[in-house]
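What follows is the residue order along each chain.
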Amino acid sequence: MAGYILRRIVSTIAVMAMVGIFVFLLLRLAPGDPAAMIAGRSATAQMIAGIRDQLGLNDPMPVQFIRWVRDMLSGDFGTSIFARRPVLDLISQRLEPTVSLSILTMMLSVSVGVSFGIVAAWRTGGPVDRLLTAFSALGYSVPVFVIGYFLIYFFAIRMHWLPVQGYVPIASGLVPWFMHLILPTLALGLGFSAFIARVTRASMLEVLSEDYVRTAAAKGASSYSILFHHALKNAGVPILTVIGISFAYLIGGVVLTETVFNIPGIGRLVVDAINNRDYPIIQSVLILTSGLYVLINLAVDLAYTLIDPRIRY
Amino acid sequence: MAAGTALSFPSMLRAQTSPEDARTVRMAKEDLRIFDPVASTANITQEHGLAIYDTLFALDSKLTPQPQMIGKWGVSDDKKTYTFELRDGLGWHDGGFVTAADCVASIRRWGQVDAGGQLILARAKDISKKDDKTFTIALKEPLGLLPDILASASGQFLFIMREQDANRPATEQVTANIGSGPFRFNAALAKPGSSVTYDRNEKYVPRKEAPSAYAGGKIAKVDRVIWNNIADQQTAFAALQAGEIDFFQVPADLYPAVESDPNLDLQVVNKSGNVAFVRMNCLQKPFDNIKARQAILNLIDQEAMLRAMYGDPKYIRTVTSMFGNDTPASNDENTAWFKKGGDPEKAKQLFKEAGYAGEKVVILQPTDWASVSNGCQVLASALRNIGVNAELAPSDWGGVATRRSNKGPVEDGGWSMFLSDWPEFAMGDPISNVLLAANGEKAWYGWPKNDEYEALRAKWANVATSEERKALARKMQRIWWDFAGFVLIGQSVGPIAHRKTLTGLLDTPGGYLAMWNMQKASA
Amino acid sequence: MALLIVLALAAPLYAGDPGNIDPFKRLQPPSAEMWFGSDNLGRDVFARTIFGARISLMVGLLSAACAAVVGLLIGVIAGYSRGFDNVVMRIMDGLMSIPTILLAIALISLTGPGIGILIVAIAIPETPAVARLVRSVVLGVRERPYVEAALCGGARLPKVLWRHILPSTVPALMVQSATVCASAILTEAGLSFLGVGVPPEIPSWGNMIASSRLYLAIAPMTIFAPGICLAVTVLAVNLLGDGLRDLFDPRAKRRR
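None of the values given here were measured: they were computed from a predicted structure.

**Q** What exactly am I supposed to notice about the domain arrangement of chain B here?
**A** Where interface size is given, it is often the accessible area lost as the parts come together that is meant. Residue and element names in this part refer to chain B. Domain annotation for chain B reports domain 1 (2-29 + 182-268 + 496-520), domain 2 (57-103 + 125-155) and domain 3 (274-492). Distance from the C-alpha centre of domain 1 to the C-alpha centre of domain 2: 32 Å. On the side of domain 2, 15 residues touch domain 1, which itself brings 15 residues to the contact. With both chains or domains summed, domain 1 and domain 2 bury close to 1200 Å², and 50% of this area falls on carbon and sulfur atoms.

**Q** How should I be thinking about helix α5 (residues 87-122) of chain A in this particular structure?
**A** Given 3.6 residues per turn, any residue in an α-helix points the same way as the ones three and four places further on. The end-to-end C-alpha distance of α5 of chain A, which contains 36 residues, comes to 50 Å, matching closely the 52 Å that a straight helix rising 1.5 Å per residue would cover. A maximum bend of about 40° is found in α5 of chain A at Leu95 of chain A, where proline Pro97 of chain A lies one to four positions downstream.

**Q** Looking at this model, I keep getting lost on the sheet that holds strand β14 (residues 316-317) of chain B. Mind explaining?
**A** Hydrogen bonding along the main chain pairs the strands of a sheet, whether they run parallel or antiparallel. Residue and element names in this part refer to chain B. Strand order across the open sheet formed by 6 strands is β14-β18-β13-β17-β15-β16, with mixed pairing between neighbours. Where the open sheet ends on each side, the last strands, each with one partner, are β14 and β16 (390-395). The pairing of β14 with strand β18 (residues 487-492) spans 2 bridges and is classified as antiparallel. Each residue of the ladder has a partner; that of Ile316, found in β18, is Ser492. Across the face of the sheet, helix α10 (residues 302-310) comes into contact with β13 (274-280), β14, β17 (417-423) and β18 while running at roughly 50° to β18.

**Q** Would you take a moment to explain the interface of chain C and chain A for this structure?
**A** Residue-level contacts link 39 residues of chain C with 46 residues of chain A. Between chain C and chain A, the buried area comes to about 3800 Å², and carbon and sulfur atoms account for 72% of it. At the surface where chain C touches chain A, the tally comes to 0 salt bridges. Taken together, the connections running from chain C to chain A amount to 1 residue pair in polar contact (both at pLDDT 80 or more). Breaking the side of chain C that touches chain A down by element, the ones donating at least two residues are α4 (82-97), α5 (100-111), α6 (115-142), α8 (157-193), α10 (221-248) and α11 (250-255) of chain C. Split into classes, the residues belonging to the side of chain C that touches chain A amount to 22 nonpolar, 6 polar and 11 charged.

**Q** For this particular structure, what's the right way to read the packing of aromatic side chains?
**A** Aromatic rings considered in pairs are described by the distance between their centres and by the relative angle of their planes. Inspection of every chain in the model, using the stated rule, returns 42 aromatic pairs over all chains. Consider the rings of Phe192 of chain A and Phe195 of chain A, whose centres lie 6.4 Å apart with planes at 40°: the pair is tilted. With Phe192 of chain A and Phe195 of chain A both in helix α8 (residues 174-208) and 3 residues apart, this pair spans about one turn of that helix. Looking at Phe195 of chain A, the relative accessible area reads 26%, which means it is partly exposed. Relative to Trp447 of chain B, the ring of Trp415 of chain B lies with its centre 5.7 Å away and its plane at 50°, an arrangement referred to as tilted. Separated by 32 residues along the polypeptide, Trp415 of chain B in the loop between α13 (397-403) and β17 and Trp447 of chain B in the loop between β17 and α14 (451-459) bring together distant segments of the chain. Pair check on accessibility: Trp415 of chain B and Trp447 of chain B agree, each one buried. Above the face of the Trp227 of chain B ring, Lys29 of chain B is positioned so that its terminal group lies 5.5 Å from the ring centre.

**Q** Before we go on, may I ask you to explain the side chain of Ser152 of chain B in this structure?
**A** Residues and elements named next belong to chain B. Structurally, Ser152 is set in the loop between α5 (146-151) and α6 (163-166). Residue Ser152 is classed as buried on the basis of its relative accessible area, which comes to 5%. For Ser152, the side chain forms a polar contact with the side chain of Ser154, separated by 2.9 Å.

**Q** Would you take a moment to explain a nonpolar patch on the surface for this structure?
**A** Residues and elements named next belong to chain C. On the surface, a cluster of nonpolar side chains totalling about 430 Å² of accessible area is made up of Val69, Val70, Leu73, Ile77 and Phe84. Examining the composition of the nonpolar patch, we find that 4 residues originate from one element, helix α3 (residues 45-80), more than from any other. For Ile77, the location among the structural elements is in helix α3.

**Q** Can you walk me through the interface of chain A and chain B in this structure?
**A** Facing 49 residues of chain A, the contacting portion of chain B comprises 53 residues. Counting the surface lost from both chain A and chain B, the interface buries some 4200 Å², and carbon and sulfur atoms represent 58% of this. Counting across the chain A and chain B interface gives 0 salt bridges. Applying the counting rule to chain A against chain B returns 13 residue pairs in polar contact (both at pLDDT 80 or more). Contributions of two or more residues to the side of chain A that touches chain B are made by α2 (34-39), α3 (45-55), α5, α7 (144-158), α8, α11 (247-260) and α12 (266-276) of chain A. Here the side of chain A that touches chain B gets 7 residues from one element, more than from any other, and that element is α3 of chain A. Residues that form the side of chain A that touches chain B fall into these classes: 26 nonpolar, 15 polar and 8 charged.

**Q** What is the right way to read the pattern of salt bridges from this model?
**A** Residues and elements named next belong to chain B. On inspection of all chains with the given rule, the structure shows 31 salt bridges over all chains. As a salt-bridge pair, Glu333 and Arg474 come within 3.0 Å of each other at their nearest N and O atoms. Residue Glu333 is located in the loop between β14 and α11 (344-353), and its partner Arg474 is located in helix α15 (residues 466-483); the two are separated by 141 residues in the primary sequence. The closest approach of N and O atoms between Glu391 and Lys360, which form a salt bridge, is 3.8 Å. Of this pair, Glu391 sits in strand β16 while Lys360 sits in the loop between α11 and β15 (361-366), and the two are 31 residues apart along the sequence.

**Q** Is there a simple way to explain the packing of α7 of chain A against α8 of chain A in this structure?
**A** Any two packed helices are characterised by how steeply their axes cross, that is the angle between the axes, and by the distance between the axes. Residues and elements named next belong to chain A. For the pair α7 and α8, interaxial distance at closest approach is 9 Å and the crossing angle is 145°. When you trace α7 past α8, the crossing you get is right-handed. From α7, Ile147, Gly148, Leu151, Ile152 and Phe155 reach across to α8, where they touch Leu183, Leu186, Ala187 and Leu190. Grouping the constituent residues of the contact of α7 with α8 by class yields 8 nonpolar, 1 polar and no charged.

**Q** When you look at the sheet that holds strand β1 (residues 24-28) of chain B in this model, what are you seeing that I'm missing?
**A** Residues and elements named next belong to chain B. Across the sheet, 7 strands lie side by side as β8-β9-β10-β1-β11-β19-β12; this open sheet has mixed pairing. The open sheet has two edge strands with one neighbour each: β8 (183-185) and β12 (264-267). Pairing geometry for strand β9 (residues 195-200) and strand β10 (residues 224-228), over 5 bridges, is antiparallel. What sits directly across from Val196, in β10, is Trp227. Those strands touched by helix α2 (residues 43-52) are β8, β9 and β10, and its axis lies near 120° from that of β8.

Reading the values: rules and limits
Residues numbered from 1 in each chain as written. Chains lettered and ligands numbered in written order. Predicted model: local features only at pLDDT ≥ 70, side-chain atom pairs only at ≥ 80, totals over all residues. Heavy atoms only, no water. Domains from an automatic or database assignment. Contact = heavy atoms within 4.5 Å. Buried area = accessible area lost by both parts, 1.4 Å probe. Helix = DSSP H or I, 4+ residues; strand = E, 2+ residues; numbered from the N terminus. Expected span 1.5 Å × (residues − 1). Bend = angle between axes of the 7 residues up to and from the residue. Pairing = 2+ DSSP bridges. Axes fitted to C-alpha atoms, helices over the stretch in contact; angles between N-to-C directions. Salt bridge = Lys/Arg side-chain N within 4 Å of Asp/Glu carboxyl O. Polar contact = N/O pair within 3.5 Å; in protein donor to acceptor, adjacent residues only side chain to side chain. Nonpolar A, V, L, I, M, F, W, Y, C, P; charged D, E, K, R; others polar. Phe/Tyr/Trp six-rings, centres within 6.5 Å; stacked < 30°, edge-to-face > 60°. Buried < 20%, exposed > 50% of the residue type's maximum accessible area, 1.4 Å probe, protein only. Lys NZ or Arg CZ within 6 Å of the ring centre and 35° of its normal. Patch = residues over 30% accessible without salt bridge, like charges linked within 9 Å, V, L, I, M, F, W, Y side chains within 5 Å. Areas by Shrake-Rupley, 256 points an atom, 1.4 Å probe, with all protein chains shown as cover. Left-handed = near helix turned anticlockwise from the far one by under 90°.

Written out as structure tokens, the structure reads:
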């Protein structure tokens, strides 16, 4: 087990190094220039050239790359070209909203998705199954921002129940924090729970048709015991896998949701940084998210052993 | 149950909207990326400067320069030496006093980037402090426009910064955000990319005069102003409707929605608005040929372009003078090219005379700037209709900004045309406005060159009377429209939308937001 | 689904010019001349919706095809050769760990918006999932007696791959491709919303919805027409995927 974890960690570092090189090259090859963004629309070419020089952007690419790697290794993620603040400060400022939104969405999606999926699989073709089909059709086929607009229009403008936009830190009160996150969570969670529900349904169906489940049923086991003792346990592995993999998709949805609901999270930070060509921020965030992704999947793999003791590493 | 929830939700919300809200103004503003008004020409950065810094002179609503930080000033009999004395009560947000040394350093730093400032530095023999409150500018030859240039709002404002900040190179950003203006920057609450907060500067001593545009007494009447960067316009508007923000520069297509909301008002705070224009690359085919540029002058259907870019016909106007519609220099010299609906036949003819042989015409299209992006599409379609091989090059604004500095042919990543806009009132200022220069490769992107015109432009700072200046403007315009250094699309005056509870917003030339004088009635 | 493709291909036969700009006729309500009214540049929303179908379907299908072909190649090779497997799958892990939308935005900033780069940008992050899937199928099949028998019988490796292994990956591949296709259409819409989708001049459902989002109240058809088409198409593609799964999975059939 320990050897396995060690091997995984080594490969994690390899993955992150690769992502790093890839992202660095990608950014430097893209046209666009932070100096031009700093100087503004009506700036002259001389002014922009001066700023470029000041920022060290005229140095040869290998020099910039080595400087960056050296800083990264010593734990220095760099300074934002625009905000003139350490990138890690900026990221930590934006972390709370994104983490809050992701966790709430995960909680909503897993609870709603898994329970819907189980019931739908249990009574295939029944009302819940039909509802699930309709629900996943909606969640699957309507872009997140359209759902967001409708939620805002109905709950915030028409009914005045919830705020339109913004984020309140959890430290300023649990209630306002939660109120500001309800709509974004719903918008993001709809598609996501549909996704999880479908995966759950499919894996449950698969397991329910296995011989041992049929045997249990024939022996007169209660449907509760069949669903939870036999089926869900075995269906758990694919469900968990999907949750791990879909982390990257969730971040994608977070970017859109943060834009629609004006939540100052990591997603907006990166999108703005890409538009501004604020290289240090883009590099750091992408490296950190990919590291996180790999870690989450490691955690998922380890969780397999808890759910299904037959799996050993 | 449902009814119970419906009732309890609003009361929960009200619990968090406390009395301090009545003294706090929330605005949807674009992202304040750069804090240093010398390092960046961006409007939002200049507005940040207006909040926290003060200026020596300031334009009033009649575009006359008025002393702001200056108390007494005078000029020597030979008109070559100006002496300025700071008024009393000027203090930095960090507690120190504003001195003449701060002013001298600030003028020198600003003079490296602003076109008007460059002229002053070029003409000055010496800029130095006499004592703590007095400094002089000694000139090689008289410059009657000196106070106008110090007050100018058509390039970058001359904001006075602390000497230690102003001693940095102009290209290195100042990060201290310490000024002597009516608002203080709240560094603790600053969330770059998301929101910035300004607090009233209790120690600010305003002038006695009534406020008029950027001049007069700057009295901050609210305790706090928060600028929220709301990336999505639909969301920003929803927030305005719900009362979560008080102020929003609303896009034209939402004007009817604002008008139909009893809590909201549209207000024009920038009566002169902006002028949109097309810049052509005068160094490369086909626009290295004057005839091809004249073709564009004749081709453009200003009304159609304006409608596509700004929507509502109430707030748009065609423009024929290179100096804009309402500046002192505006005139009707050599404007026969203007025709309602444009003149595609004439344009086709001119392209033919220019020897146009189907070369690719690349139009830079910033997809993240909706109005200009729309204008590009209309222009491309008009060009194709007369047989020009027009191609849109879509990218984000960052991509446009980089590509437009490429002077090469389109095959080597160059460009042929791009669209942008400029404050209308600044069109009357050929000194500070880089758009009105035609000194070839030294000129702004597009690099038009005409020595005869440049000779006339050089006289601008020296003419004494407004009549002479008007005559000079006519001469300049006659030549300008012959070589077509740019082509105008028209003027747009975009009102802003605000909650009715927000009052006292000042009308400012150029439309830079002045946050003093506004106040908020408790709802 | 087939109907949609036919409608999209036949667009020039019956729909007007989607690029015809008339700023004096902006945001008009539906009329006999323009069935769905006009958009913010006075263009025919009906024509743009129909032509948009071509672009959106093209983006969806080509992204799926790219991801499928590249993923298949990588997956088969990785499934077959141990040494290659480790390296390639780590690269796939790396790609998978960068959020789809962020990778797409970064890639598009390379060249500026365009359909080609858009398809590549959507396909790249989808490829690892396909590769993993194919690899797992190949790993499973490789040990089957008939494959071993074929190899022992002196058949050459490429022939075995082609004859025995590839066919077994087809069902999973098709199901996966349908999913990729549907999500590609949605991703394009999301990217348009962020301003980096299909260039504004070319109509796609995504950029039509995104550029019309301010007109929901004044000219609802500008957003509903492409929106409903998008929803129906994505749904159709997803159902197609489900159908394929049922078709290829005998166990699912047995339960019916």
